[in-house]
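Structural description and commentary
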Amino acid sequence: MRRALIPLANSENGTVQGAVATWWNRKSLPTKHQVATAIAKCDLLATDDAPTPGPPRLLDIDGETFRAGFNRSPFLVRHHLAGHPLFSLQRLIELANRLPEEKIKYNGADISVATGLYEGPRTGLSVRDTIQQIEECRSWMVINNVELDPEYRQLLDRCLDEVRLFSEPIDPGMFRMEGFIFISSPGSVTPFHMDPEYNFLLQIRGKKQINIWNSGDRSVLSEITLERYFSDVDRQIVFKEEYQQKAAIFELTPGAGLHFPTVAPHWVRNGDEVSVSFSITFRTPASERRRVVYCANADLRGKGLNPRPPGASTFRDLAKYYGFRARSGIKRALGGHSPCGSGKLGGRRG
Ligand SMILES: [Fe+2]
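Scope of this entry: the structure provided in the associated data block. (Residues numbered from 1 in each chain as written. Predicted model: local features only at pLDDT ≥ 70, side-chain atom pairs only at ≥ 80, totals over all residues.)

1. Section: the overall build of the chain
- For the chain, the helix and strand inventory stands at nine helices and 12 strands.
- Counting across all 350 residues of the chain, residues that qualify as buried make up 37%.
- Residue pairs at least 24 apart in sequence account for 81% of intrachain contacts in the chain once pairs closer than 6 positions are excluded. (Helix = DSSP H or I, 4+ residues; strand = E, 2+ residues; numbered from the N terminus. Buried ≥ 20, exposed ≤ 12 C-beta atoms within 10 Å, placed from the backbone. Contact = placed C-beta atoms within 7 Å.)

2. Looking at helix α9 (residues 314-333)
- End to end, α9 covers 28 Å across 20 residues, agreeing with the expected 28 Å (1.5 Å per residue, within 8%).
- Among all positions of α9, only D317, K320, Y321, F324 and S328 are buried. End-on, the buried residues of α9 take up no more than an arc of 100 degrees, which puts them together on one face. Summarising the geometry of α9, the exposed residues directed more than 90 degrees from the buried face are F315, A326, G329, I330 and A333.
- Turning to α9, the residues buried within the fold contact α8 (285-302). (Expected span 1.5 Å × (residues − 1). Arc of directions from axis to C-beta.)

3. Topic: the pairing of strand β6 (residues 189-193)
- Burial runs high along β6: four of the five residues are buried.
- As defined by bridge partners, β6 adjoins strand β11 (residues 266-270) across three bridges and the pair is classed as antiparallel. Bridging across to β11, T190 finds its partner in V268. (Pairing = 2+ DSSP bridges.)

4. Things to note about the packing of α8 against α9
- For the pair α8 and α9, interaxial distance at closest approach is 9 Å and the crossing angle is 80 degrees. Taken together, the axes of α8 and α9 lie roughly perpendicular to each other. Residues R289, V292, V293, C295, A296 and D299 of α8 form the contact with α9, whose participating residues are D317, K320, Y321, G323, F324 and R325.
- Of the residues contributing to the contact of α8 with α9, the split by class is six nonpolar, one polar and five charged. (Axes fitted to C-alpha atoms, helices over the stretch in contact; angles between N-to-C directions. Parallel < 35°, antiparallel > 145°, perpendicular 65-115°, else oblique. Nonpolar A, V, L, I, M, F, W, Y, C, P; charged D, E, K, R; others polar.)

5. Things to note about helix α4 (residues 89-98)
- What α4 keeps buried is the set L92, L95 and A96. Buried residues of α4, viewed axially, fall in a sector of 100 degrees; they line one side. Opposite the packed face of α4, turned more than 90 degrees from it, sit the exposed residues Q90 and N97.
- In the core, the buried residues of α4 are packed alongside β3 (104-108), α5 (127-132), β4 (139-143), α6 (150-167) and β5 (175-184).

6. Details of the sheet that holds strand β7 (residues 198-205)
- Taken together, the eight strands give an open sheet; going across it, the order is β1-β2-β10-β7-β12-β5-β4-β3, and neighbouring strands pair in antiparallel fashion. Each edge of the open sheet carries a strand with a single partner, namely β1 (59-60) and β3.
- In the packing of α4 onto the sheet, contacts are made with β3, β4 and β5, and the angle to β4 comes to roughly 60 degrees.

As far as function goes, none of this settles anything; it's purely spatial.
In structure tokens:
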């Protein structure tokens, strides 16, 4: 099979393969096997042979919009998952029953935008009853890490393989692919928060209004807030009414999806029907490096310094990244606690 190379501007030889090689030569994450997988997938996606019959496409992504907006500003995509059988309430009950109990989070949905994460009232209902009665029980639920189930894993992989075609030339090395399904009652609110991953929120059923802010707006999201968030000191971000006038507002209906840049603050209000949404997320070595630099900056600020934000100096970022990782490794080896060590920040999504 003849394969076509995808031309690239910022690659050592103008190809995806060159970009991945450049990235690998910098000794960044992840493993050689993952690099090989990324190259193989890009090659397969870039073939210029006549298309072979395969599963139908799940996402419609405009390449120009993606290149202009990825991890810079939210943008809309289209998808073909509305009505997919894996998102029926019965199948979601079965999924919730198969997954470990700690993967299911739910609470009452009558809360304000400024409510803290997971501070909504308990409903007293079981998971099964919550899903069965979602129309009237005034609840919000997330099924975390649906990729633990083979059927949902396959669907997540298919979706992210399509995203990868666009993301790899810009930000190579997609890893830690995770999926989340949100099931919520009419009118429910997901309060003001942010998430650490690249995210595409695909609306399956019902409507949602997404209020979202630019993650680079330091009048809404300060460097100190980001440092505390990534170093797991304080994952709560404070909502102020004055922020609302700066929000971009997107209405999602079945078949629509929205790209969320990492740590773009947002809050969500459901329409007047039951809502089901599928969140497909991933990280890259570049997003991991930003996270670690923020952890290093939190450490430096704690010592009375005023560190420069990530992106201001590549040299300083690299020194912080490798220095902090080395110190964290030593701390862990000595049995101590290493903040920022796992990168397992979650967050309430939706
Ligand atoms: Fe979220």
